[in-house]
Each structure stands twice: as C-alpha cells, then as structure tokens.
Amino acid sequence: MASDNIAQLADALSKTHVGDGELSYKGLGLKLDSAESVQDLVREIEQCQDLRAFRLEGNTLGVEAARAIAKALERKGHLQRCYWSDMFTGRLRSEIPTALRSLGSALMCAGARLTELDLSDNAFGPDGVKGIEQLLKSPTCYTLRELRLNNCGMGIGGGKILADALMEGHRESSALGSPLKLKVFIAGRNRLENEGACALAKAFKLMGSLEEIHMPQNGINYTGVTALASAVRHNPELRVLNFNDNTFTKRGTLAMAQALKHLRNVQVINFGDCLVRSEGAIALAAVLRGGLPILTELNLSFGEITEAAALVVAQASAGKSHMEKLDLNGNCLGEDGCDALRDAMDQRDRGDLLSSLSDDEGEPDDDDEEEDEEEEEEEEDDESDDSNESSEEAGSGKEDGFITDDSPTKPTCSAEVMAFVSAPTVERLLQLGETRVTVQHLVDTSNPHKSAELLLKVASLYSDEPEAKDAVLETIDAVLKKCLSGSELQSYCFLSTLLLLMGLFKGEGKVKKTSVLPGHLRCLDHGVRQSYFKADYASLLLTFLSRSRQTLQSCSGARDALISTLEHTHPTHTDKP
C-alpha cells in the first residue's frame with residue numbers, strides 16, 4: 001500500500017507547478033500519511049531554493065507526513081504564502097492540531113515572514129485554532145496581510161482564541177515599531193455567534209487596517225453585529241463588507257449604518273439574508289444619500305424589506321455614480337412593488353443596476369405581525385443572556401437601538417412646558433406664549449421614537465382657529481427643525497419612525513401607533529414647505545404616503561393636499577405613484 005502511495009505521488013509530482021517561487025500540489029487528491037509517502041515531495045521542497053508560495057490544498061495530510069514536510073520547511077525563510085485549505089479530509093480531529101503545530105513551528109524556525117495564510121475548509125474546530133495559535137502570535141505572522149479561515153468550525157471558543165492571538169501579535173509587533181496590518185479577514189461558516197464576533201471585533205478595532213471582512217453565516221445577531229459595527233468604524237480603508245446570512249434586525253442595521261457613514265472607501269456591501277427589514281433599509285438609504293461615494297455593489301436580498309422602503313433604497317442607489325449592482329431579491333414587495341421598483345430605476349436610466357426579483361416573497365400578510373413580535377421577544381431574551389462585556393463592546397445605549405456620536409443635551413424646559421408635554425391642550429399651549437418654542441429642547445435627535453411622539457402630540461392640537469393654528473405651527477417648526485438638525489442618518493431615522501407611528505408601514509416588535517388626524521398631516525404640509533425640510537426628506541415622505549392611501553382614508557383631504565405639496569415643492573426628487 002505504501003508503494004502504491006509513493007507511485008501515486010511520483011505521478012502527481014510530474015504535474016506540479018514549480019516557478020516564480022511557487023511549489024504547487026493543488027487539487028491532486030494525495031493521501032499523505034507517512035514520512036515515506038512524502039519523500040519525493042520533501043525533495044522538491046529542498047531543491048526549491050527560493051520558495052515563496054507553497055500550495056497543498058485539496059490533499060489530505062497525516063501527522064507523520066506533516067512532520068516530514070515541516071522538517072523541509074525549516075530552511076525556507078523566504079516563504080510568504082501558504083495555501084493549505086481542504087488539507088485534512090478524512091483525518092481524526094485530534095490529528096489536525098498536531099500537524100498544524102509541526103508546520104507552524106517549521107515556519108517560525110525558518111524565520112519566514114508570511115503575508116498570506118489560507119486554512120479554509122479544514123473542519124478543525126477550536127482545537128485547530130490552538131494548533132496555529134503560537135504561529136499567529138509569532139514574528140512569522142507580524143507581516144500577515146490575508147488570513148482565510150472559512151468553514152473551519154471554529155465556534156465561539158476558537159473565535160476567542162483567534163482574537164487573542166491576533167491582538168497579542170499586534171501588540172508585540174507594535175512594540176517593535178512595525179504593527180500587524182491585516183488587510184483581508186475571511187471566516188464564514190464558523191459558528192462564531194455573538195461572543196466570538198465580539199472577541200474578533202476587539203481585534204479588528206485594535207488593528208484598524210482591514211480592507212475586507214467576510215463573516216457570512218455565523219449565527220451572529222444584534223449584539224455581535226453592533227460590536228462589529230464599532231470595529232468597522234475604526235477601519236477606514238475597508239472596501240468589502242460581507243456579513244451575509246446573519247441576523248441584523250433593526251438595531252444591528254442602525255449600528256452598522258452609523259459606522260458606514262464614516263467610511264469613504266467601501267465598494268461592496270453584502271447584508272443579504274440579514275433581516276435588515278424596512279427601518280434598517282431606510283437607515284442604509286440615508287447613508288447612501290450622504291456617503292459611501294465609491295460604492296459599486298449593495299446586497300439587501302431576503303431582508304423582509306417592503307415596497308416603499310425598497311424604493312427609498314433604489315432612489316438613493318440610483319444617485320451613486322459608481323454603482324453597478326443593487327440586489328433586492330427575495331424581499332416583500334409583491335408583484336406591483338416589483339414593477340414599481342423596476343420603473344423607478346428605469347426612470348433614472350439605471351435599470352441595469354437592479355438584480356433579478358424572481359424570488360420575491362410577496363406583500364407581507366397581516367398575520368405576520370404576531371410572528372414578528374414573537375421573534376423580537378425571543379431575540380431580546382437571547383440578547384439579555386449575553387455577557388456585560390459583550391454589551392459594552394456593542395456600545396448600545398439608546399432604548400430604540402440608535403447609536404449617536406454625541407451625548408444628548410439634557411432638557412432645559414420650564415415646569416409649564418413639561419406640564420404641557422405630559423398633557424397637551426390648546427389652552428396650555430397658548431398660555432406658554434413665546435416660551436412654547438422651548439419645547440424643542442425636549443427633542444433628542446439620538447432618540448427618534450420619543451422625538452416623533454413629541455411631534456405627533458403637538459400636531460394633534462392643530463385647528464383652523466387662527467390663534468391656535470399659529471401657536472401649533474410655531475411649535476411644530478421649532479420641534480421639526482430640531483428633529484431634522486442632526487445627521488442625514490438621524491433625520492431619516494426620525495422620519496421613518498414618524499411614518500411607523502402613523503401606521504404607514506410595519507416595524508419590528510410591538511409599536512403603539514397613533515390615530516392619525518387631519519391636523520397631523522396639515523402640520524407636515526406646513527413643515528415640508530420650510531427651508532429646513534430637505535428635498536430628500538420630502539422624497540422619503542412621498543414614497544410612503546403615495547403607497548398608503550388606504551391607511552389614511554379617514555384623512556383623505558389632508559393626505560391628498562400633503563401629497564400634492566410634496567410633489568410640487570420638490571418635483572425633481574420625487575416619484576409619482
């Protein structure tokens with residue numbers, strides 16, 4: 001049997017690629033068990049005087065064979081790139097760490113300086129990470145630029161070990177004046193979950209050098225996503241973000257949107273199958289409007305996004321000159337919504353950007369609301385079980401999940417103003433006189449829910465009686481101007497929350513909706529005519545209002561007047577239904 005393996009190896013070696021400092025046995029399907037089975041391979045390693053890249057992927061390596069190969073690598077100090085994916089098929093889990101330690105020790109002994117290390121598709125689990133732990137901490141990996149550990153089953157434990165190793169390597173290399181600057185990190189399908197993601201987020205934040213992060217399908221939800229968002233913000237050269245098939249929900253998406261607005265080099269965003277949902281999609285649209293100048297690809301597929309929110313994203317994407325692909329497939333648009341989305345892109349001559357909508361889930365049923373509420377409650381239970389350390393790393397602070405750059409200003413209002421807000425009446429508003437505009441001090445731009453509730457309270461007092469009307473509109477101006485004085489993202493979040501409370505779309509969890517009165521719409525009609533109300537905000541309102549005529553049937557006159565105002569006030573930024 002041994003002689004058969006040697007004969008197989010001899011035949012395979014005749015097909016290897018040797019040149020440009022690369023020795024490749026890629027995809028040969030060799031079963032390398034003993035030292036004897038790799039004699040010819042070892043000889044080729046020894047004869048390759050300037051070995052810089054070594055490919056072993058697609059073979060299966062036993063402990064003794066690994067030791068023999070390692071012995072040959074001890075003199076290969078020029079080695080920079082190791083492609084060792086899919087290298088342990090059929091091996092016992094206990095064998096793999098030993099084999100990895102042998103290979104790692106050889107590289108350290110040789111004084112190699114790696115730039116690429118690929119160990120993907122090796123199901124070695126946390127123990128396998130222990131097998132490369134010392135290598136990652138060593139000077140051999142101080143120069144590492146690309147680390148690929150896709151589909152390795154690392155789990156939470158492996159993720160923590162990996163994060164600690166990267167942080168120690170960064171600290172030690174920094175002390176020598178040349179810090180580790182990892183650029184590409186790939187670790188999809190590893191069951192990292194929140195704890196593993198939070199640990200790695202600390203490492204990413206420390207390094208600050210990443211250009212690509214690929215962590216799809218890792219069972220990460222809001223807590224881990226928010227920690228990663230904090231790390232993303234501290235990596236200004238990021239070009240590619242792939243978190244496909246994790247669970248963002250509204251809060252995770254808002255955190256990621258907050259981070260993205262600080263980045264200028266992102267080209268590809270893949271948040272497909274992440275339950276971004278409508279509120280999250282609107283937040284991302286705000287970031288598109290105000291940033292991400294060279295974005296080429298955005299994937300928000302299978303995110304439970306409804307028609308109006310998808311249109312807001314499409315409108316924002318159409319304005320990006322570098323945009324090449326927008327994927328909104330598998331959402332909840334319905335047949336009419338898909339047609340509207342295609343038409344919206346065609347009207348801007350950007351129809352080629354839109355990917356297929358063949359897997360659309362159709363308009364959501366009313367029955368889905370109860371399921372969403374149950375799912376939200378389960379998510380909150382899961383998050384409450386996470387450690388305090390993870391929560392702190394996530395950076396959550398506001399009850400609605402919105403993360404702000406600045407601490408909110410504390411209210412500085414008189415007792416009369418506070419009494420009015422707690423029980424608003426026209427009489428109390430009139431009694432406030434000129435001090436009524438100080439109601440704006442209760443607006444916290446980082447808390448869109450409370451700000452929207454405050455606006456609706458004041459607007460509910462609207463009447464045609466001149467004195468009352470003037471007082472209400474004066475107060476509305478002060479409040480609305482403050483609500484829209486923050487960043488583009490904060491303003492979009494406020495407006496989307498306002499639309500949510502008015503029942504114009506369904507959000508996450510239980511939301512107490514307002515019974516919309518004509519006065520609410522009259523006040524908005526006044527607001528959109530003012531200079532503080534930007535064209536993009538008018539476009540957002542129009543997109544939802546024009547698709548929610550039935551919801552506001554009881555206020556049809558005020559609704560139609562507001563839609564008309566939106567269409568005529570900012571005609572170049574709106575889409576008629």
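These figures come from a predicted structure and were not determined experimentally.

## Observations regarding the overall build of the protein
In step 1: Per the secondary structure count, the protein includes 22 helices and 14 strands.
In step 2: Of all 577 residues assigned to the protein, the portion counted as buried reaches 57%.
In step 3: Of all intrachain contacts in the protein linking residues separated by at least 6 positions in sequence, the fraction that spans at least 24 positions is 83%.
In step 4: Accessible area for the protein stands at about 23600 Å²; split by element, carbon and sulfur atoms hold 44% of it.

## Notes on the pattern of salt bridges
In step 1: In the structure shown here, the tally under the stated rule is 26 salt bridges.
In step 2: The partner of Lys71 in a salt bridge is Glu74, with the nearest N and O atoms 3.8 Å apart.
In step 3: One salt bridge in this structure joins Arg559 and Asp560, with 2.9 Å as the shortest N-O distance.
In step 4: Asp560 sits in the partly exposed class, given a relative accessible area of 35%.
In step 5: Taken together, the shared-partner salt bridges connect Lys183, Glu211, Glu212 and Arg239 into one network.

## Topic: the packing of helix α3 (residues 63-73) against helix α4 (residues 95-110)
Any two packed helices are characterised by how steeply their axes cross, that is the angle between the axes, and by the distance between the axes.
In step 1: It is at 8 Å that the axes of α3 and α4 come closest, and there the two elements cross at 5°. The angle between α3 and α4 falls in the class roughly parallel. Within the contact between the two elements, α3 uses Val63, Ala66, Arg67, Ile69, Ala70 and Leu73 and α4 uses Glu95, Thr98, Ala99, Ser102, Leu103, Ala106 and Ala110.
In step 2: In terms of residue class, the contact of α3 with α4 is made up of nine nonpolar, two polar and two charged.

Rules behind the numbers
- Residues numbered from 1 in each chain as written.
- Predicted model: local features only at pLDDT ≥ 70, side-chain atom pairs only at ≥ 80, totals over all residues.
- Heavy atoms only, no water.
- Helix = DSSP H or I, 4+ residues; strand = E, 2+ residues; numbered from the N terminus.
- Buried < 20%, exposed > 50% of the residue type's maximum accessible area, 1.4 Å probe, protein only.
- Contact = heavy atoms within 4.5 Å.
- Areas by Shrake-Rupley, 256 points an atom, 1.4 Å probe, with all protein chains shown as cover.
- Salt bridge = Lys/Arg side-chain N within 4 Å of Asp/Glu carboxyl O.
- Axes fitted to C-alpha atoms, helices over the stretch in contact; angles between N-to-C directions.
- Parallel < 35°, antiparallel > 145°, perpendicular 65-115°, else oblique.
- Nonpolar A, V, L, I, M, F, W, Y, C, P; charged D, E, K, R; others polar.

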